[in-house]
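# Secondary and tertiary structure notes
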Amino acid sequence: MLGLNARDLQILLLVAILTMFAPFFLNPFPVDSSLAQFNAGYPDLMQRFVIFGIFAIGFNILFGLTGYLSFGHAAFLGAGSYAAIWMMKLLTMNIIPAITLSIIVAGLFSLAVGYISLRRSGIYFSILTLAFAQMSYSLAYSVLTPITGGETGLQPKSNDPRILDGALEPGEQARASLFGMEMSSSYELVVSGWVFTFNVGYYVAAFLMLVSFYASIRIFRSPFGLMLRAVKSNQNRLGYTGVSARPYNLAAFVISGMYAGLAGGLMVAMDTQAGAERMFWTASGEVVLMTILGGAGTLIGPVLGAGMIKYMENIISKINQSVLESWFAWAPDFLQDFIVAVIYPFVGKGWHLTLGLMFMLVVIFLPGGLMQGIGKIGALFSRKKPNDRDSVAGSTPAAAE
Amino acid sequence: MSNFKDFTRRRVIKSGAAAAAAASATPYFFTNAALADAHAGYRNAPQGDTVTLGFNVPQSGPYADEGADELRAYELAVEHLNGEGDAGMMPTFSSKALKGNGILGKKVVYVTGDTQTKSDAARASARSMIEKDGAVMITGGSSSGVAVAVQALCQEAGIIFMAGLTHSNDTTGKDKKANGFRHFFNSYMSGAALAPVLAKNYGNDRKAYHLTADYNWGYTTEQAVKESTEALGWETVAAVKTPLTQTDFSAYIAPVLQSGADTLVLNHYGGNMVNSLTNAVQFGLRDKQVNGKDFQIVVPLYSRLMAKGAGANVKGIFGSTNWHWSLTDEGSKAFVKSFGTKYGFPPSQAAHTCYVQTLLYADACERAGTFNPCGVVEALEGFEFDGLGNGKTLYRAEDHQCFKDVLVVKGKENPDSDFDLLEVVEVTPVDQVTYAPDHPQMRDGDGNVVPVGTCNPGA
Amino acid sequence: MEAIVLQVLNGLDKGSAYALIALGLTLIFGTLGVVNFAHGALFMIGAFCAVTLSKLLTVSHIVIDETKTDFLGNPAKVEVPYLYDVFGQATGDVIIDWAVPISILVAIPVMMAIGVAMERGLIKHFYKRPHADQILVTFGLAIVLQEIIKYFYGANPIPTPAPEVFAGSFDFGTLLGFDPNLVIYPYWRLVYFAFAAVVIGGVFSFLQFTTFGMVVRAGMQDRETVGLLGINIDKRFTIMFGLAAAVAGIAGVMYTPINSPNYHMGMDFLVLSFVVVVVGGMGSLGGAVLAGFLLGILESFASMGQVLEVLPGINQVILYVVAIVILLTRPRGLMGRPGVMED
């Protein structure tokens with residue numbers, strides 16, 4: 001079905017179910033319980049999960065398949081964001097032109113950067129992409145301020161032209177929408193103590209993520225994908241057979257750039273703001289980490305990695321001292337103080353520490369990323385060995401120097 | 001005030017009717033998040049006996065310590081609002097609407113988040129407070145980029161934003177929003193307050209060399225200081241932009257003496273300021289004589305926390321600040337005592353502005369009799385108050401900017417302690433730093449005046 | 001003319017700083033082939049060795065001074081360093097004043113130990129793993145180290161001045177016949193320049209002229225063959241790692257008077273050091289030094305007001321523009337060896 005083999009179809013269906021029912025899965029705790037702190041089923045975070053999922057899926061097409069490690073993909077995400085916000089300022093708040101243009105702009109930008117950077121390989125390639133991205137960031141933050149808004153970024157304003165939309169009523173806010181459906185509107189389902197939020201924006205983004213995911217499976221399984229894997233295993237040998245790897249690499253680079261552009265456009269569609277910081281090298285580094293953390297070269301891994309990092313950033317960072325104290329209020333004072341003192345450095349403002357430790361633990365004990373962990377758990381329950389090619393392809397050691 | 005009541009009631013009725021119509025069209029187990037609040041007429045109307053405020057401060061990155069101090073002030077404010085502790089500035093505050101029983105009888109609870117001093121992270125954190133925790137007001141932050149981004153979000157979501165530390169003109173200039181309020185002063189005020197003091201101390205015929213952080217706040221500060229000093233006869237020899245990510249400023253400082261300038265203005269904040277000032281002093285600029293005058297350095301915006309990072313280099317250097325703990329008015333004394341007793345050291349200006357913003361918000365709710373953002377906006381616009389540490393203050397209706405005295409400070413020559421770094425040399429009266437709402441520095445890139453717009457209750 | 005002389009001087013100094021900061025990285029990354037994202041953190045920890053030492057030197061007991069009051073109106077507490085009790089105030093002040101140079105003596109063994117522990121405990125297991133895994137684990141380590149420092153020292157920069165004798169600047173201009181004050185340069189930066197030259201020279205000769213260095217260089221070329229010859233190459237690689245950490249650390253110590261250290265300063269220098277090493281060419285120490293100077297000088301020129309008037313924003317991107325131009329014209333950077341980190 002859909003041109004997929006049974007196994008891939010299973011994976012796609014699994015992802016589809018997970019994303020469609022995410023509002024339930026992510027809000028497992030009743031709102032009034034003290035564990036509600038861990039609920040992630042609110043629109044902003046759910047949107048971020050799928051948007052960064054798209055970003056990581058796209059990055060994985062380049063890195064997971066060809067092995068080319070780009071350190072500049074955030075620049076394409078940023079370029080996509082700026083394209084989308086300008087579309088919303090000039091044309092219409094409808095997200096379709098915004099997202100379309102963001103994909104096109106990011107694609108063109110990545111074509112230019114890729115064309116130049118792919119002349120080199122290995123670390124030299126990484127530094128070239130890093131240089132382009134850092135240049136984009138620096139210029140967007142400073143001298144390009146008239147176009148990018150610089151430090152304060154760009155938001156839709158009430159006095160923007162928006163040719164297709166007509167003027168706003170006084171007091172009316174410009175909101176991103178899809179033919180009248182506002183991205184920010186949601187329905188809440190209340191079931192006794194639980195509240196589940198179904199947000200329009202999330203489902204738009206989730207649908208696009210499923211499409212992206214499907215496209216990525218098709219790319220992985222296509223002759224083109226096979227060619228990219230050949231590039232990874234031995235580019236020289238590929239050259240001896242008379243095949244030039246560059247067009248393939250460039251195609252992979254541009255595709256992943258367009259994924260990044262889609263993610264950037266969606267970020268604007270969900271939250272109408274574009275700023276230069278999302279092009280900083282740490283943002284490029286983040287998608288690298290997401291991909292490796294989840295399992296480079298696997299289909300779902302990057303999405304998991306993205307989810308994990310965004311969860312840490314948004315949930316763990318909000319656990320402050322008074323939240324901790326309320327959790328352990330049942331304990332005698334000295335015990336409460338002790339527990340809080342032990343946990344506190346790892347949560348709230350110390351969330352980076354937990355993140356760093358997680359990076360280290362995962363890579364030390366699960367060389368194939370989170371996907372290998374899932375594979376291991378799966379293996380515990382079934383006698384069948386996990387399919388190595390699919391689940392831990394990323395752990396195949398790269399050729400030595 | 002009667003005008004205000006009409007306004008709210010009409011709005012409530014209007015949106016209430018819409019809500020009834022929409023609710024009947026949906027299956028009974030679905031309730032639209034926004035419409036659920038529509039009965040109250042605004043978003044995140046506090047349910048039960050508590051009201052949730054969102055404290056969105058930098059907890060990681062270079063401004064984490066400033067964020068931590070803001071958070072301390074917020075916790076103190078919550079205590080005082082709930083009637084715990086020594087009530088801080090509540091007794092000295094000219095408005096007596098706060099009773100120490102929470103806000104409108106509801107106990108104040110809070111959630112915290114990490115802005116990371118990045119617009120995206122700050123908005124993500126603010127959205128989680130709004131969407132997940134039901135916060136009715138967001139406050140905090142330590143940079144103008146974050147303030148403008150979160151302010152725009154709050155306008156869109158229908159939440160009140162009480163800005164923390166943000167000094168760029170833009171926050172209440174070209175990027176002002178009806179739902180956003182700033183107590184902190186701005187670049188224009190720094191320039192207007194500093195220039196006369198500089199002229200008095202250093203003379204009217206100085207040649208200034210500006211080093212400016214290459215982003216919005218830097219631009220507005222450079223412009224403000226330049227215009228104010230030039231009006232008093234100074235000449236600007238050069239203005240060079242430095243990248244935000246710069247750490248070593250030697251290449252920018254080395255040519256200063258060659259330019260014939262006798263004064264260096266560092267339009268830098270935070271880490272940039274610490275490093276550029278340290279580098280400038282290291283180059284021995286302050287021991288030099290140019291044009292027969294002693295070479296001088298000026299730092300338009302001082303932050304005591306950051307000044308600490310520059311150590312002895314701040315001695316004798318002029319700058320401006322929003323508030324300082326050594327002020328001796330009753331409000332400041334009460335706040336310093338309250339904060340110092342609880343935490344063991346005096347509060348920073350960031351802590352002060354955040355504490356005051358929380359009280360002002362609570363007071364506005366009490367006076368409006370509602371948490372409805374439109375009611376709060378109405379109550380804060382044109383609100384005059386005193387006793388919160390800056391003397392008589394006006395929240396101007398046209399741009400939601402506070403107008404109050406500005407402090408000109410100087411690095412202390414013989415500090416007594418770690419936090420005794422600055423001394424107040426002059427309290428510039430408010431009239432001298434007030435500007436028209438359509439002042440050119442407050443306009444957008446095309447020179448248009450941006451109106452503050454109308455409040456958005458979010459439902 | 002003066003402006004150009006000054007920027008060349010400044011560029012040389014900046015370049016020496018860049019080269020020194022990148023030197024530790026090129027030893028680990030350019031020669032052992034480990035992508036070490038924790039390099040910046042090592043630099044930062046070195047800087048905090050200086051901070052820690054000056055804190056330790058000023059460990060104080062508290063004397064209540066009834067004549068003064070603190071900010072709450074209570075009698076002021078005056079801190080008297082124990083050092084005063086031991087050496088008397090005058091000598092005590094001198095020692096505290098020289099905290100940064102003294103820290104070098106402390107930083108070398110401390111950083112060596114950290115480097116060896118890091119290699120034995122972590123990196124050793126990652127030599128054969130893909131570069132991606134090395135990035136993840138060293139990045140994780142860098143975050144953890146950073147957060148530990150933040151936990152103890154906060155996020156604000158901590159002033160760590162150079163000894164009083166190095167305050168002020170030296171007037172080169174008068175030597176060259178210019179008017180006074182036109183070409184001046186701070187003494188401490190000149191010290192840094194000399195220090196960098198000595199350290200870089202030392203590491204060079206160590207690798208070039210000692211048997212140990214010869215074996216390490218051989219091991220880098222062909223680890224297995226060297227191992228087959230009965231030489232314990234692992235041990236030597238460990239020592240190299242310790243050496244690299246020590247070099248990164250003392251670079252950090254000496255840098256503290258120039259930039260007040262804070263917990264994330266390592267991340268600020270991480271990208272820069274990678275650019276320097278890669279532009280210099282993988283596996284080449286000389287390349288890294290050359291790239292450091294080249295980038296330092298060009299950056300100095302790009303910062304000039306006159307240049308910025310013609311090309312606004314060039315100071316923001318000059319490092320990257322240079323990196324791109326060099327990598328496109330010279331495939332392996334300035335002096336890179338073929339085959340290192342190219343796959």
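The following refers to the structure shown. (Residues numbered from 1 in each chain as written. Chains lettered and ligands numbered in written order. Predicted model: local features only at pLDDT ≥ 70, side-chain atom pairs only at ≥ 80, totals over all residues.)

Check the secondary structure of chain A and you find 18 helices and four strands. What you see for chain A is a C-alpha radius of gyration of 22 Å, in line with the 21 Å of a compact globule of 401 residues. Its C-alpha atoms give chain A principal-axis dimensions of about 70 × 65 × 45 Å. Relative to its full complement of 401 residues, chain A shows a buried share of 56%. Restricting the contact set of chain A to residue pairs at least 6 apart, pairs at least 24 apart contribute 73%. (Helix = DSSP H or I, 4+ residues; strand = E, 2+ residues; numbered from the N terminus. Rg over C-alpha atoms; globule rule 2.2 N^0.38 Å. Buried ≥ 20, exposed ≤ 12 C-beta atoms within 10 Å, placed from the backbone. Contact = placed C-beta atoms within 7 Å.)

Residues and elements named next belong to chain B. Judged by pairing direction, the sheet is parallel, and its five strands sit side by side in the order β3-β2-β4-β5-β6 without closing on themselves. Of all the strands in the sheet, just β3 (107-114) and β6 (180-182) have a single pairing partner and so form its edges. Here the average twist between neighbouring strands, direction ignored, is 20°. Both strand β2 (residues 50-57) and strand β4 (residues 137-140) contribute to a ladder of three bridges, which runs parallel. Counterpart to F55 in the pairing with β4 is T139. On the sheet, helix α12 (residues 349-368) packs against β4 and β5 (160-163) and is oriented at approximately 160° with respect to β4. (Pairing = 2+ DSSP bridges. Axes fitted to C-alpha atoms, helices over the stretch in contact; angles between N-to-C directions.)

At the junction of the two partners, chain C supplies 38 residues and chain A supplies 40 residues. Elements with a contribution of two residues or more to the side of chain C that touches chain A: α5 (131-153), α11 (265-280) and α14 (314-329) of chain C. Ranked by residue count, the leading element in the side of chain C that touches chain A is α5(C), at 13 residues. Partitioned by chemical class, the residues of the side of chain C that touches chain A number 25 nonpolar, six polar and seven charged. (Nonpolar A, V, L, I, M, F, W, Y, C, P; charged D, E, K, R; others polar.)

Residue and element names in this part refer to chain B. The sheet contact formed by strand β7 (residues 207-213) and strand β8 (residues 235-242) spans seven bridges and is parallel. Bridging across to β8, A213 finds its partner in T242. Handedness of the β7-helix α7 (residues 216-231)-β8 crossover: right-handed. (Right-handed = clockwise from strand over helix to strand, strands pointing away.)

On to the interface of chain A and chain B. Counting residues at the interface gives 39 residues for chain A and 43 residues for chain B. Going through the elements one at a time, α3 (43-66), α6 (122-141), α7 (145-148) and β3 (186-191) of chain A are the ones with two or more residues in the side of chain A that touches chain B. Sorting elements by how many residues they give to the side of chain A that touches chain B places β3(A) first, with five residues. A breakdown of the residues in the side of chain A that touches chain B according to their chemical character gives nine nonpolar, 20 polar and ten charged.

Attention shifts here to the packing of helix α4 (residues 73-90) of chain A against α6(A). Residue and element names in this part refer to chain A. At a minimum axis distance of 7 Å, the contact between α4 and α6 shows a crossing angle of 40°. Classified by the interaxial angle, the pair formed by α4 and α6 is oblique. The two elements α4 and α6 cross, and the hand of that crossing is left-handed. Of α6, the residues touching α4 (which contributes A74, A75 and G78) are F132, A133, S136 and A140. Class assignment of the residues belonging to the contact of α4 with α6 gives a composition of five nonpolar, two polar and no charged. (Parallel < 35°, antiparallel > 145°, perpendicular 65-115°, else oblique. Left-handed = near helix turned anticlockwise from the far one by under 90°.)

Take the environment of F52(A) next. Residues and elements named next belong to chain A. Its location among the elements puts F52 in helix α3. Remark: the alpha-carbon pair of F52 and A79, spanning 27 residues in sequence, is separated by 16 Å. When near neighbours in sequence (up to four residues on either side) are disregarded, F52 contacts A263, M290, A306 and K310.

All names here are of chain B. Here we have seven strands laid out as an open sheet, ordered β8-β7-β9-β12-β13-β17-β18, and mixed in their pairing. In the strand order of this sheet, the two ends are held by β8 and β18 (422-428), each with one partner. Neighbour to neighbour, the strand axes of the sheet diverge by 25° on average, direction disregarded. Where strand β17 (residues 406-411) lies against β18, six bridges are found, and the strand directions are antiparallel. Note on β18: the bridge partner recorded for V408 is E426.

Moving on: helix α13 (residues 373-380) of chain B. Of all eight residues in α13(B), eight are buried; the element is thus mostly enclosed. Along α13(B), the residues that are buried comprise P373(B), C374(B), G375(B), V376(B), V377(B), E378(B), A379(B) and L380(B).

Let's shift gears to α11(C). Here α11(C) spans 23 Å end to end across 16 residues, near enough to the 22 Å set by a 1.5 Å rise per residue. Among the 16 residues that make up α11(C), 15 are buried, leaving the element largely enclosed by the rest of the structure. (Expected span 1.5 Å × (residues − 1).)

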